[in-house]
Amino acid sequence: MRKDRLPTKPIIVLLLFVIFSGNSSSTTEPQYMVLLPFLISTGTQEKVCVQLSHLNESVTLSATLEYQGENRSLIDDVVSKKDVFTCIPFSLPKAKSQSQVAFITVLVKGATLEFRSRKSVLVKNSESLVFVQTDKPIYKPGQTVQFRIVSLDENFHPVNEMVSMAVPFR
Ligand SMILES: *[C@@H]1O[C@H](CO)[C@@H](O)[C@H](O)[C@H]1NC(C)=O
Ligand SMILES: *[C@@H]1O[C@H](CO)[C@@H](O)[C@H](O)[C@H]1NC(C)=O
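Residues numbered from 1 in each chain as written. Chains lettered and ligands numbered in written order. Predicted model: local features only at pLDDT ≥ 70, side-chain atom pairs only at ≥ 80, totals over all residues. Heavy atoms only, no water.

> Which residues make up the site of ligand 1, and what values do they have?
With respect to spatial proximity, the complete set of residues near ligand 1 consists of Glu29, Pro30, Asn56, Glu57, Thr112 and Leu113. In the environment of ligand 1, an oxygen atom lies 3.1 Å from a nitrogen or oxygen atom belonging to the side chain of Glu29. Side-chain polar atom of Thr112 to a nitrogen atom of ligand 1: 3.0 Å apart, as the coordinates give it. Relative to its unbound accessible area of 360 Å², ligand 1 is 49% covered by the protein chains. Split by residue class, the shell around ligand 1 holds two nonpolar, two polar and two charged. (Near = heavy atom within 4 Å. Polar contact = N/O pair within 3.5 Å; in protein donor to acceptor, adjacent residues only side chain to side chain. Areas by Shrake-Rupley, 256 points an atom, 1.4 Å probe, with all protein chains shown as cover. Nonpolar A, V, L, I, M, F, W, Y, C, P; charged D, E, K, R; others polar.)

Here it is as C-alpha cells:
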C-alpha cells in the first residue's frame, strides 16, 4: 500500500502506552469513572461508559435513565473482574419540549463497596433536514410532477421518517 500511511501504527501504540502507564502508577484503591456525553440528541445512539478498576470484591453494576417521568434500566449486571470498562448504548425518543434534561444514575454496589453517581444530561431534539427533488425544473400544464423526498439528520445521514403530507405550491 502507500508508504505515507506507515507511521500511523507506532503513534497509536505510543498513545495507548501513555494511557495505561498513567493508570497503573495510581493507587490500588477501587476506582470508578463514568463517561457521559453532556448533550444528547434524540433518535441517535448514545452511550454511557463505566470504568471500574482495582475492585476487591464482586459488585452489581446498574445504570438507570430517568427521562420524561420514566425510569429505564440500562444495565444490571454482576461484575466479578478486578478491572472493567463497559459502554452501554441507548437512545432517547423525541422530547416533548425542544430541550429537556435526563438523569443517568450509575450504582456500583458490593458487600463493602458502594458508589453512586447521578448526572444530568441535556437532551436536544435532533432536527432533520427535508429535501424535495422534482424530476424537472419547469412543467407544462397537465404534466405529471414526479418527486422524491429525502430526510437527513444533522450529520447528513438519512433519517427513516414519515412525511405525512406534501402540499404542492404554484
Ligand atoms: C475493598 O476496598 C475498600 C476500600 O479500600 C475497603 O473499604 C473494603 O473493606 C475492601 N473490601 C474487601 C472485601 O477487601
Ligand atoms: C425514578 O428514580 C428516581 C431515583 O431513583 C426516583 O426518585 C423516582 O421516583 C423514580 N420515578 C419513577 C417514575 O419511578
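> Break down the nonpolar core for me, citing the residues and quoting the values.
Leu52, Leu65, Phe90 and Val106 are the most contacted members of the largest nonpolar core, which has 26 residues in total. Looking at this core, the elements that each hand over two or more residues are β3 (46–53), β4 (59–67), β5 (70–79), β6 (84–90), β7 (99–109) and β8 (114–124). For Leu65, the residues in contact, after removing those within four places along its chain, are Glu70, Asn71, Arg72, Leu74, Phe90, Leu92, Ala102, Phe103 and Ile104. (Core = buried A, V, L, I, M, F, W, Y, C linked by side-chain atoms within 4.5 Å. Buried < 20%, exposed > 50% of the residue type's maximum accessible area, 1.4 Å probe, protein only. Helix = DSSP H or I, 4+ residues; strand = E, 2+ residues; numbered from the N terminus. Contact = heavy atoms within 4.5 Å.)

> For unusual backbone geometry, give the residues involved together with the corresponding values.
With the exception of glycine, the majority of residues adopt a negative phi angle, and the majority of peptide bonds are in the trans configuration. For His54, which is not glycine, the phi torsion reads 55° and is therefore positive. Of note, His54 is situated in the loop between β3 and β4. Backbone geometry at Gln68 places phi at a positive 50°, although glycine is not the residue there. Note that Gln68 resides in the loop between β4 and β5.

> Which residues make up the sheet that holds β5, and what values do they have?
With mixed pairing, the five strands of this open sheet are ordered in space as β2-β8-β7-β4-β5. Looking at which strands have only one partner, the edges of the open sheet turn out to be β2 (39–41) and β5. With strand direction ignored, the average angle separating the axes of adjacent strands in the sheet is 25°. Looking at chain direction, β7 and β8 are connected through eleven bridges and run antiparallel. Within β8, the residue paired with Ile104 across the bridge is Lys119. (Pairing = 2+ DSSP bridges. Axes fitted to C-alpha atoms, helices over the stretch in contact; angles between N-to-C directions.)

> Kindly report on the site of ligand 2, identifying the contributing residues and their values.
Around ligand 2 sit Glu66, Gly69 and Asn71, and those are all the residues in its vicinity. At 2.3 Å, a side-chain N or O of Asn71 approaches an oxygen atom of ligand 2. Considered on its own, ligand 2 offers 370 Å² of accessible surface; in the complex 31% of this is hidden by protein.

> An account of the sheet that holds strand β1 (residues 31–35) is needed here, citing residue identities and associated values.
Taking strand neighbours across the sheet as the criterion, the three strands line up as β1-β3-β6 in an open arrangement whose pairing is antiparallel. Of all the strands in the sheet, the pair left with one neighbour each is β1 and β6. Pairs of neighbouring strands in the sheet enclose a mean axial angle of 15°, with direction left out of account. Of the pairings in the sheet, the one linking β1 to β3 comprises five bridges and is antiparallel in character. Within β3, the residue paired with Leu35 across the bridge is Cys49.

> Provide a residue-level description of the environment of Val145, including the pertinent values.
Its location among the elements puts Val145 in the loop between β9 (129–134) and β10 (147–152). Spatially, the C-alpha atom of Val145 lies 7.0 Å from that of Asp135, the residues being ten residues apart in sequence. When residues no more than four places from it in sequence are discounted, the contact partners of Val145 are Thr134, Asp135 and Tyr139.

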